Amino acid sequence: MKKVQLGQSDLHVTPICLGTMTFGQQVSEEGAHAILGRSLAAGINFIDTAEMYAVPATADTCGLTETYIGNWFAKNPGARHKLVLATKVAGPSRSMPWVREGAGMTAQDILTSCEGSLRRLQTDVIDLYQIHWPERHVMALGFHYFEPSKDKSATSIHEQLEALAQLVKVGKVRHIGLSNETPYGVHEFVRLAEQHGLPRVATVQNPYTLVNRVVDNGLDETCHRLNVSLLAYSPLGFGLLTGKYDETGFEGPGAPDGRVSRYESVRKQRWSRPEALAAARRYNQLARDHGMTPTEMALAFCYHRWNVTSTIIGVTSVAQLDEDLAAWSVQLSPEVLKAIDQIRWEIRDPAL
């Protein structure tokens, strides 16, 4: 794979990124280390994690994913320098008081969280440090609308940038990014950075998948014109687009093991809406009709989309990793792409 540049930064990464939020819940430390080793051997130089991982988030597993990765670095001298390492500072606690004491996200929270991530990851520097979700109340993570009455923002974007600038200045962070952001948020972070000589965001990490293409409703143009790279997460829609739930649904006799079927908390989220499963079934059948597995079509759609710089894949085994990497060779025909757009026209984005 030819490496791609992240925004205006000097980071060059593979167009496939290894996501790690399964490490610590669905994946043991031994399994995580096997996946990390196989990914690096396959040529992937980009891994993404977060201080609040594993997912589903619990007090017991908060920070565990970073710990697994840090232990792997310690066992594999030289591996850290071969990788672009991305992690995230959590936004407001969102009913997760174990993430931090306060309800918001202050400048000091950013600095303190970074120190914790560096310690758990057993590294001196984070290549890409991202704000996991906005400090503002926005239409993201299952919220359908922006509601001003719910916006209790206390730390301005300027203050957040100044805190991140401190980390860049002392060499603890190389570049910064955003996640679960809106076009307004990306514009403001870039505008204020350029106006005040602060670090410019290189990336925005948002969901981009056949059952959630909200990015195509304006964020795509924002990223293109401002040269901010899109990191697409959940390309398989929490497993819906693998086809494994097509016959059984998420619960009941014969339901396969997976993130949605295993965890009740996930079944309460956007990925398990009946409309999302109905949409996934249509996309999965389209793939089969054209001689592909659902996984191949869903990943190929993201891998080769013009507005996606790198696609974040999450796996629970080396076998799944190999399957996802093999999908890189799949190219979708104009006929298939037209059929995908037709389905979206009819059902829009049910996993919004």
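The structure this text deals with has already been given above.
Residues numbered from 1 in each chain as written. Predicted model: local features only at pLDDT ≥ 70, side-chain atom pairs only at ≥ 80, totals over all residues. Heavy atoms only, no water.

Chemist: Explain the environment of histidine 81 to me, please; I cannot follow it from the model alone.
Modeler: In this fold, histidine 81 is placed in the loop between helix H2 (64–75) and strand E5 (84–89). Judged by relative accessible area, histidine 81 falls into the exposed class, the value being 73%. Placed 36 residues apart in sequence, histidine 81 and asparagine 45 show a C-alpha to C-alpha distance of 9.6 Å. (Helix = DSSP H or I, 4+ residues; strand = E, 2+ residues; numbered from the N terminus. Buried < 20%, exposed > 50% of the residue type's maximum accessible area, 1.4 Å probe, protein only.)

Chemist: In this structure, what is going on with the pattern of salt bridges? I would like to understand it.
Modeler: Oppositely charged side chains can form a pair if their charged atoms are brought close together. Under the definition given, this model contains 22 salt bridges. Linking glutamate 51 and arginine 100 is a salt bridge whose minimum nitrogen-to-oxygen distance equals 3.5 Å. Linking glutamate 51 in the loop between strand E4 (46–48) and H2 with arginine 100 in the loop between E5 and helix H3 (107–121), this pair joins segments that are 49 residues apart in sequence. Between aspartate 341 and arginine 213 there is a salt bridge, and its shortest N-O distance comes to 3.0 Å. Here the residue aspartate 341 occupies a position in helix H12 (residues 334–347), and arginine 213 occupies one in the loop between strand E8 (201–207) and helix H6 (219–226), the gap between them amounting to 128 residues. Classification of aspartate 341 as partly exposed rests on a relative accessible area of 37%. (Salt bridge = Lys/Arg side-chain N within 4 Å of Asp/Glu carboxyl O.)

Chemist: So what exactly am I meant to see when it comes to the layout of surface pockets here?
Modeler: Gaps left between atoms show up when a probe the size of a water molecule is rolled over them. Of the volumes computed, that of the largest pocket is approximately 1,200 Å³. Surrounding the largest pocket, 49 residues form its lining, Met21, Val55, Phe238, Arg259 and Gln269 being those nearest its centre. Here the residues of the lining of the largest pocket are counted per class, giving 19 nonpolar, 20 polar and ten charged. The computed volume of the second largest pocket comes to approximately 380 Å³. In terms of lining, the second largest pocket is formed by 24 residues, of which the most central are Pro92, Ala103, Glu135, Arg136 and His137. For the lining of the second largest pocket, the residue count by class is ten nonpolar, six polar and eight charged. (1 Å grid on protein atoms, 1.4 Å probe; cavity = no way out; pocket = protein on both sides within 12 Å on 5 of 7 lines; lining within 4 Å. Points joined across faces, edges and corners; volume = space filled by probe spheres on them. Nonpolar A, V, L, I, M, F, W, Y, C, P; charged D, E, K, R; others polar.)

Chemist: When you look at unusual backbone geometry in this model, what are you seeing that I'm missing?
Modeler: With the exception of glycine, the majority of residues adopt a negative phi angle, and the majority of peptide bonds are in the trans configuration. With an omega dihedral of 0°, the bond running from valine 55 to proline 56 counts as a cis peptide bond. Mapped onto the elements, proline 56 comes out in the loop between E4 and H2. Of note, asparagine 227 is a non-glycine position whose phi angle comes to about 55°, a positive value. Turning to its location among the elements, asparagine 227 is positioned in the loop between H6 and strand E9 (229–233). Overall, asparagine 227 belongs to the partly exposed group, its relative accessible area being 35%. One non-glycine residue, arginine 348, lies in positive phi territory at about 55°.

Chemist: I keep staring at the sheet that holds E4 and nothing clicks. Help me out?
Modeler: Strands belonging to one sheet form pairs held by backbone hydrogen bonds; the direction of such a pair is parallel or antiparallel. Taken together, eight strands build a closed barrel; the order of strands is E3-E4-E5-E6-E7-E8-E9-E10 and the barrel is parallel. The average undirected angle you get between the axes of adjacent strands in this sheet is 30°. Examined bridge by bridge, strand E6 (residues 126–131) and strand E7 (residues 173–179) share five bridges and lie parallel to one another. Bridging across to E7, leucine 128 finds its partner in histidine 175. (Pairing = 2+ DSSP bridges. Axes fitted to C-alpha atoms, helices over the stretch in contact; angles between N-to-C directions.)

Chemist: Help me understand the packing of aromatic side chains, please; the structure alone is not making it clear to me.
Modeler: Two descriptors summarise a pair of aromatic rings, namely the distance from one centre to the other and the angle between the planes of the rings. Summed over the entire model, instances satisfying the criterion amount to five aromatic pairs. The interplanar angle of 45° and the centroid separation of 5.7 Å between the aromatic rings of tryptophan 72 and phenylalanine 73 together place this pair among those described as tilted. Assessed through its relative accessible area of 4%, tryptophan 72 is described here as buried. Classification of phenylalanine 73 as buried rests on a relative accessible area of 7%. When the ring of tyrosine 208 is compared with that of phenylalanine 301, the centres are 5.9 Å apart and the planes differ by 25°; the resulting orientation is stacked. Here the residue tyrosine 208 occupies a position in the loop between E8 and H6, and phenylalanine 301 occupies one in helix H10 (residues 294–303), the gap between them amounting to 93 residues. The burial state of tyrosine 208 is the same as that of phenylalanine 301; both residues are buried. Of note, arginine 259 hangs over the ring of phenylalanine 238, and the distance from its end group to the ring centre comes to 4.6 Å. (Phe/Tyr/Trp six-rings, centres within 6.5 Å; stacked < 30°, edge-to-face > 60°. Lys NZ or Arg CZ within 6 Å of the ring centre and 35° of its normal.)

These figures capture arrangement, not role.
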